[in-house]
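Observations on chain architecture
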Amino acid sequence: MESMGESQKHVGVLGLGRMGAALAGALLGAGHDVSVWNRSPLKAGPLLDRGARLAATPAEAASADVVLSCLSTYDAQRPVLEAASPKVLVNLTSGTPEQARGVAKWAASEGIDYVDGVIMAVPQGIGTPAAQILYGGSEPTFAAQRDVLEVLGAPVFLGEDAGLPALYDLALLGMMWSTMAGYLHALALVGTEGVTPAQFAPMASAWQSAVGGFLPGIGEQVASGDYTTEVSALDINAAGLGLLVETSRAQGISTAVPAVLRELFDRAVAAGHGAHAIASVIEEIR
């Protein structure tokens, strides 16, 4: 491990799953003094070989300047945090906004400086600029620990609501899962006629990029509440979804993905939005 400079700190890492191990590895690579704790100490082996210190207890790891918690669930995390009682906590465990706010409330009652974060990257991306991490909670704590957080990925502070990062996380993941489900349905559909993923992928990627260009305009319509359009009305798109469901059934594949969207779009049409833009569907979602 490199010698510690003035900006380098003692960092404790609680949890050594794939993501926790990646966080600890990035910190070691940047020359920080890293203590790690995990229920199964055997997982610490590769990190110890790189200079990490093994903490026998969460409290021992929490003697660090700042503690990162990255455990499997909030239920698994709570007793660990209570046993650790860190001075400064950056919580990177995935959960709901309400769970994050609950830990923030507990931290405040214990006099712990608290920041909640969500990692918008896979473990292999940690320590690179491509890894974006969203934070919320104490702004002074975020600012004081920014040197550590920048090692992990590009930090984005969303505000003092500790639940906001989790809300963004789930909203963005929802987009990802919907996109992937739509793509898998498309592959299954064209695959019924022998079209391979390799043949279809370039067109799908280009189409997805074009669709991404629609998002700012849709957002403007939602913000204004003005859904008038001269481009593509909702009733035309609802009818298209009907054709997709019909064709999927005829080709012998599941209609589960498009059927849900068809039902949603049909409800919006029935509510009087047929001549409006697709953005009007948000009124049914709300």
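Residues numbered from 1 in each chain as written. Predicted model: local features only at pLDDT ≥ 70, side-chain atom pairs only at ≥ 80, totals over all residues. Heavy atoms only, no water.

Moving on, we get to the side chain of His 185. Looking at where His 185 falls in the secondary structure, it is placed in helix H8 (residues 164-191). By relative accessible area, which is 9% here, His 185 ends up buried. (Helix = DSSP H or I, 4+ residues; strand = E, 2+ residues; numbered from the N terminus. Buried < 20%, exposed > 50% of the residue type's maximum accessible area, 1.4 Å probe, protein only.)

Here the focus is the nonpolar core. Ranked by size, the top nonpolar core spans 32 residues in total, and within it Leu 27, Val 36, Val 90, Leu 92, Ile 126, Tyr 135 and Leu 152 carry the most contacts. Every element with two or more residues in this core is listed here: strand E1 (10-14), helix H1 (18-29), strand E2 (33-37), strand E4 (66-69), strand E5 (88-91), strand E6 (113-120), strand E7 (132-137) and helix H7 (146-152). Ranked by size, the runner-up nonpolar core spans 20 residues in total, among them Ala 61, Tyr 74, Leu 81 and Trp 106. (Core = buried A, V, L, I, M, F, W, Y, C linked by side-chain atoms within 4.5 Å.)

Here the focus is the packing of aromatic side chains. Here the structure, examined in full by the defined rule, presents three aromatic pairs. Taking 6.5 Å as the distance between ring centres and 15° as the angle between the ring planes, the aromatic pair formed by Tyr 183 and Phe 200 counts as stacked. One end of the pair, Tyr 183, is in helix H8; the other, Phe 200, is in helix H9 (residues 197-212), and 17 residues separate them in sequence. One aromatic cluster is present, built from ring pairs that chain together Tyr 135, Phe 142 and Phe 157. (Phe/Tyr/Trp six-rings, centres within 6.5 Å; stacked < 30°, edge-to-face > 60°.)

What follows is about the sheet that holds E7. The mixed open sheet is built from eight strands, whose spatial order is E3-E2-E1-E4-E5-E6-E7-E8. Each edge of the open sheet carries a strand with a single partner, namely strand E3 (53-54) and strand E8 (154-157). Taken together, the two bridges between E2 and E3 define a ladder with parallel strand orientation. Directly across from Ser 35, in E3, lies its bridge partner Arg 53. Packed on one face of the sheet, helix H5 (residues 97-109) meets E5 and E6 and runs near 155° to E6. (Pairing = 2+ DSSP bridges. Contact = heavy atoms within 4.5 Å. Axes fitted to C-alpha atoms, helices over the stretch in contact; angles between N-to-C directions.)

What follows is about a nonpolar patch on the surface. On the surface, Tyr 168, Leu 172, Met 175, Phe 214, Leu 215 and Ile 218 cluster together to form a nonpolar patch covering roughly 550 Å² of accessible area. Looking at the nonpolar patch, the elements that each hand over two or more residues are H8 and helix H10 (215-224). For the nonpolar patch, the element with the most residues is H8, which contributes three residues. Within the secondary structure, Ile 218 sits in helix H10. (Patch = residues over 30% accessible without salt bridge, like charges linked within 9 Å, V, L, I, M, F, W, Y side chains within 5 Å. Areas by Shrake-Rupley, 256 points an atom, 1.4 Å probe, with all protein chains shown as cover. Salt bridge = Lys/Arg side-chain N within 4 Å of Asp/Glu carboxyl O.)

Moving on, we get to the side chain of Gln 145. Secondary-structure assignment places Gln 145 in the loop between helix H6 (139-144) and H7. Dropping the residues within four chain positions of it, Gln 145 is found in contact with Lys 9, Val 66 and Val 88.

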